[in-house]
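# Topology and contacts: notes
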There are 2 protein chains.
Amino acid sequence: MTTRRLLLSLALLPAVLAASGEPDLPSWRDGASKQAIVDFVRDVTDEGSKNFVSPAERVAVFDNDGTLWSEQPLYFQAAFMLDRLKSVAAEHPEWKDNPAYPALVARDDAMLARIGMKPVLELLAVANTGMTTTEYAGTIRNWLRTAQHPRFKRPYPDLVYKPMQELLAYLREHGFETWIVSGGGIEFMRAWTDDAYDIPPERVVGSIAETHFELRGGEPVLVRDPNVAFVDDGPGKPVGIYRAIGRRPIAAFGNSDGDLQMLQYAAVGEGRRLAVIVHHDDTEREYAYDRESRIGRLDKALDEAKARKWVVVSMKDDWKQVFPWESP
Amino acid sequence: MTTRRLLLSLALLPAVLAASGEPDLPSWRDGASKQAIVDFVRDVTDEGSKNFVSPAERVAVFDNDGTLWSEQPLYFQAAFMLDRLKSVAAEHPEWKDNPAYPALVARDDAMLARIGMKPVLELLAVANTGMTTTEYAGTIRNWLRTAQHPRFKRPYPDLVYKPMQELLAYLREHGFETWIVSGGGIEFMRAWTDDAYDIPPERVVGSIAETHFELRGGEPVLVRDPNVAFVDDGPGKPVGIYRAIGRRPIAAFGNSDGDLQMLQYAAVGEGRRLAVIVHHDDTEREYAYDRESRIGRLDKALDEAKARKWVVVSMKDDWKQVFPWESP
């Protein structure tokens, strides 16, 4: 264990260095939410505290859509997949006679309901499979550079939350491992989470498409298949955490009912834990939605948060600034 | 990226410190195998080299059974599962009438062949499911403390290879991330890989049993189910690497045909890569087997190693010492 111990103690150096510099979490307003987070971190990192947690066990997990970046008016990965559908339509003249195609492109909910999920999923499968994982990652990166959010008229990666970027860095400076645990596809997130959050590919847990290995023209590649291998959402999130991390997190951050079981898994039990819900209540700077929303519905988890005294962050009141490019 | 850059440069400190101390890889005899490994590491870590690889991309993957510890006369996890079967037999009087039970316990191959796999797998499923992942991990740890290897009369974790422990540490000191990518079950490995190899749970990729989340008596737990979710063997290994790591390794270490696709995935392609096969040719200190063995068969991968000039390590000739407890 010697080398790792040494590395861990070295990893704490930035915290020591930071102590003399900037204040922590500059985009967070002083208040109960910020205080709860700072108190938790102080408690579990203080060797004299009865709640001290060794650095190896300081695992913090974050949902992505709606927790680290926006998810309205449509999950950004869904926007990507719709654009992908349109961009390959010319190669699929047979879609002319498939009612799922115009219904999807027009987002005609009534028509989609009549058609049912099966033809829709088949269409998306055709548009997103058969290529290598490397080719697909290139397509994603290209889209992230060029596509624009309909309201903010900016590339989607601009819609990350500055207070959450600060929180991720703050936790890492205090010896935490920060992980993304999201319902989104791993390949869609890995294309940009390293730049946006300083979270490398191996710390991204998400939904997984089947792939298979082959030697294509002598080159070893993984090729995307149409089936879904794993859905990292709802009760799937603790399973995804177990498979990828193998430790129970002591802190979890989410924003919707899809995060409920992850929050329970991290926060219910002995020892000091932290569960945080980002509540979208800021129509002016971002969006306001919860119990009735089709995207990112927050209903059961909001009840649970109240019952268990979890931290509910108000974007409107707790954050001085939402996006990195806004003036504070 | 600033914090991680700082951490990465700090992570290289041990290498600097080590430069003045012990020689590298003391249990390895000087020779072509050791030289090939040291040359590779020097080349990809030298900023002046055209083959320089940034620390973030220095991913090295290791098979476990037969590569990092022994696997004869029976995969150790199989030995655990047989013992597990016997230890819960009293709770299953119905097994009295099930021919799979005595056939398994006696390892009666002829009988097992007549019975077929289905009843055998069902029996093993019953014996290894229904409990929480935490309870199961406790069972594994208890077995690892008490069970003895039939030939060496020592606990199984004593049968790790000292030269490979040194190699893991050597790579980490040179900025590599070291990962286990094994056909074995993740929970079986995670119980001891941190102590044995300094490889924490989140760096263990393996085969996965289905689990589901539930609140059991108010406590959030994961419960083992009878189905297999993922087989991390053969062509499954590159898939497991993609899912868990999301980067292509530049170095891979294996010992059997089950590692062939992982070795190809890491080693075939542009840039400097390293593929190493541990060849069991040491009857006296360990075991000798390859093309004809039922456990850890090395046949196609040995041909491929010769064709592609991969490093084939002779346990007999290249290792001064095999196990940590032997005198060198």
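That block above? That's the structure.
We now turn to the structure provided with this report. For every chain, the first residue of the written sequence is number 1, and numbering continues from 1 onward in sequence order. Labels follow written order: the first chain is A, the first ligand is 1, and so on. In view of the model being predicted, local features appear only for residues whose pLDDT reaches at least 70, and side-chain atom pairs are presented and counted only at 80 or more, with totals across whole chains, interfaces and linings using the full set of residues. Remark: hydrogens and water are excluded; side-chain values derive from all non-hydrogen atoms of the structure.

## Digging into the overall build of chain A
When its secondary structure is counted, chain A shows 15 helices and 7 strands. A compact globule built from 328 residues would reach a C-alpha radius of gyration of about 20 Å, and chain A, at 21 Å, matches this within 12%. With respect to the three principal axes, the spread of C-alpha positions in chain A is 70 × 50 × 35 Å. When contacts within chain A are restricted to residue pairs at least 6 apart in sequence, long-range pairs at least 24 apart make up 67% of them. Methods summary: accessible areas were calculated by the Shrake-Rupley approach with a probe of 1.4 Å, and residue burial reflects only the protein chains presented. Working note: accessible area of chain A is about 14200 Å², and carbon and sulfur atoms make up 53% of it. With 40 positive and 49 negative side-chain charges, chain A shows a separation of 2 Å between the mean positions of the two kinds. Each helix is a run of H or I in the DSSP string that is no shorter than four residues. Each strand is a run of E no shorter than two, and both are numbered from the N terminus. Radius of gyration: over C-alpha atoms. The globule rule applied is 2.2 Å multiplied by the number of residues raised to the 0.38 power. Here, residues are in contact when the closest pair of their heavy atoms is within 4.5 Å. His is not counted, nor are the chain ends, whereas Lys and Arg count as positive and Asp and Glu as negative. Charge positions come from single atoms, namely NZ of Lys, CZ of Arg, CG of Asp or CD of Glu.

## Digging into the side chain of Asp-318 of chain A
All names here are of chain A. Structurally, Asp-318 can be placed in helix 15 (residues 315–318). To sort residues, take the accessible area from a 1.4 Å probe on protein chains only and compare it with the maximum for the residue type: under 20% means buried, over 50% means exposed, and anything in between is partly exposed. Each salt bridge in this description consists of a side-chain nitrogen of Lys or Arg and a carboxyl oxygen of Asp or Glu lying within 4 Å of one another. At 6.9 Å, Arg-29 is the nearest oppositely charged side chain to Asp-318, a buried residue that forms no salt bridge. Not counting the four nearest positions on each side in its chain, Asp-318 is found in contact with Ser-27, Trp-28, Arg-29, Ser-33, Val-312 and Val-313.

## Considering the sheet that holds strand 2 (residues 177–185) of chain B
Residues and elements named next belong to chain B. If you walk across this open sheet you meet the 7 strands as 4-3-2-1-5-6-7, and the pairing is mixed. Each edge of the open sheet carries a strand with a single partner, namely strand 4 (219–230) and strand 7 (311–314). Each adjacent strand pair in this sheet contributes to an overall mean axis angle of 30°, direction not counted. Two strands form a pair only when DSSP identifies at least two bridges running between them. Of the pairings in the sheet, the one linking strand 1 (residues 59–62) to strand 2 comprises 4 bridges and is parallel in character. Bridge pairing links Val-59 to Glu-177 in strand 2. This element, helix 9 (residues 162–173), spans strand 1, strand 2, strand 5 (251–254) and strand 6 (274–279) of the sheet and lies at about 165° to strand 1. Fitted lines through C-alpha atoms give the axes, limited to the stretch in contact for helices. The angle between two N-to-C directions lies from 0 to 180 degrees.

## Examining the pairing of strand 3 (residues 204–216) of chain A
All names here are of chain A. As paired elements, strand 2 (residues 177–185) and strand 3 share 3 bridges and run parallel to each other. Residue pairing across strands places Gly-185 opposite Ser-207, the latter belonging to strand 3. Pairing geometry for strand 3 and strand 4 (residues 219–230), over 8 bridges, is antiparallel. Opposite Phe-213, over in strand 4, you have Leu-222 as the bridge partner.

## Let's talk about the sheet that holds strand 3 of chain A
Residues and elements named next belong to chain A. One open sheet holds the 7 strands; their spatial order is 4-3-2-1-5-6-7, and the pairing between them is mixed. The two strands at the open ends of the sheet, each matched to only one other strand, are strand 4 and strand 7 (311–314). Taken pair by pair, the neighbouring strands of this sheet meet at an average axis angle of 30°, ignoring direction. The sheet contacts of helix 12 (residues 236–244) involve strand 1 (59–62), strand 2, strand 3 and strand 4, and relative to strand 2 the element is tilted by about 130°.

## Side note on unusual backbone geometry
All names here are of chain A. Cis geometry marks the peptide bond from Gln-72 to Pro-73; its omega dihedral reads 0°. Position of Pro-73 among the secondary structure elements: in the loop between strand 1 and helix 4 (76–88). Backbone geometry at Arg-107 places phi at a positive 50°, although glycine is not the residue there. Within the fold, Arg-107 resides in the loop between helix 5 (100–105) and helix 6 (109–115). Arg-107 sits in the partly exposed class, given a relative accessible area of 42%. Of note in the backbone geometry, Lys-309 takes a positive phi value of approximately 60° without being a glycine. Within the secondary structure, Lys-309 sits in the loop between helix 14 (300–308) and strand 7. Lys-309 gets classed as exposed once you look at its relative accessible area, which sits at 74%.

## Thoughts on helix 12 (residues 236–244) of chain B
Residues and elements named next belong to chain B. Burial analysis of helix 12 places 8 of its 9 residues in the buried class, which makes it a mostly covered element. All of the buried residues along helix 12 are Gly-236, Lys-237, Pro-238, Val-239, Gly-240, Ile-241, Tyr-242 and Arg-243. Of the residues one or two after helix 12, Gly-246 is the one with positive phi, at around 75°.

## Some words on the packing of aromatic side chains
Geometry of an aromatic ring pair is reported as the spacing of the ring centres plus the angle between the planes. Two aromatic rings, drawn from Phe, Tyr or Trp (for Trp, its six-membered ring), form a pair once their centres lie within 6.5 Å of each other, and the interplanar angle then sorts them: stacked below 30 degrees, edge-to-face above 60, tilted otherwise. Going through the model one piece at a time under the given rule, you end up with 42 aromatic pairs over all chains. Seen in terms of ring centroids, Phe-62 of chain B and Phe-253 of chain B are 4.2 Å apart; in terms of plane orientation they differ by 0°. Their pairing is stacked. Taken together, the residues Phe-62 of chain B in strand 1 and Phe-253 of chain B in strand 5 connect sequence positions 191 residues apart. A single burial state applies to Phe-62 of chain B and to Phe-253 of chain B, both of which are buried. Look at Phe-80 of chain B and Tyr-136 of chain B: their rings are 6.0 Å apart centre to centre, the planes differ by 70°, and that puts the pair in the edge-to-face class. Of the two residues, Phe-80 of chain B is situated in helix 4 (residues 76–88) and Tyr-136 of chain B in helix 8 (residues 133–146); the sequence distance between them amounts to 56 residues. You can call Phe-80 of chain B buried: its relative accessible area is 2%. Chaining the aromatic ring pairs together yields one cluster made of Trp-69, Phe-76, Phe-80, Tyr-136, Trp-143, Tyr-156, Phe-188, Trp-192 and Tyr-197 of chain A. Above the plane of the ring of Tyr-242 of chain B lies Arg-190 of chain A, whose end atom (NZ or CZ) is 5.9 Å from the centre. A ring is considered to have a charge above it if a Lys NZ or an Arg CZ atom is located within 6 Å of its centre and within 35 degrees of its normal. Just above the ring of Tyr-136 of chain B sits the side chain of Arg-224 of chain B; from NZ or CZ to the centre is 3.8 Å.

## Looking at the side chain of Thr-211 of chain A
In this fold, Thr-211 of chain A is placed in strand 3. Not counting residues up to four positions away in its chain, the partners in contact with Thr-211 of chain A are Thr-133, Leu-222, Val-223, Arg-224 and Asp-225 of chain A together with Val-239 and Tyr-242 of chain B.

## Overview of the packing of helix 3 (residues 32–45) of chain A against helix 9 (residues 162–173) of chain A
All names here are of chain A. Running from N to C, helix 3 and helix 9 cross one another at 15°; their axes reach a closest spacing of 11 Å. Relative to helix 9, the element helix 3 lies roughly parallel. With respect to the hand of their crossing, helix 3 and helix 9 are arranged in right-handed fashion. Of the residues in helix 9, those touching helix 3 at Ile-37, Val-38 and Val-41 are Leu-167, Tyr-170 and Leu-171. Any residue that is not Ala, Val, Leu, Ile, Met, Phe, Trp, Tyr, Cys, Pro, Asp, Glu, Lys or Arg is counted as polar, Gly included; the first ten are nonpolar and the last four charged. Its residues assigned to classes, the contact of helix 3 with helix 9 comprises 6 nonpolar, no polar and no charged. Throughout, the term roughly parallel applies to angles under 35 degrees, roughly antiparallel to angles over 145, roughly perpendicular to angles from 65 to 115, and oblique to all others. Helix crossings fall into two classes, left-handed where the near helix is turned counterclockwise from the far one by less than a right angle and right-handed where it is turned clockwise.

Purely geometric numbers; function is a separate question.
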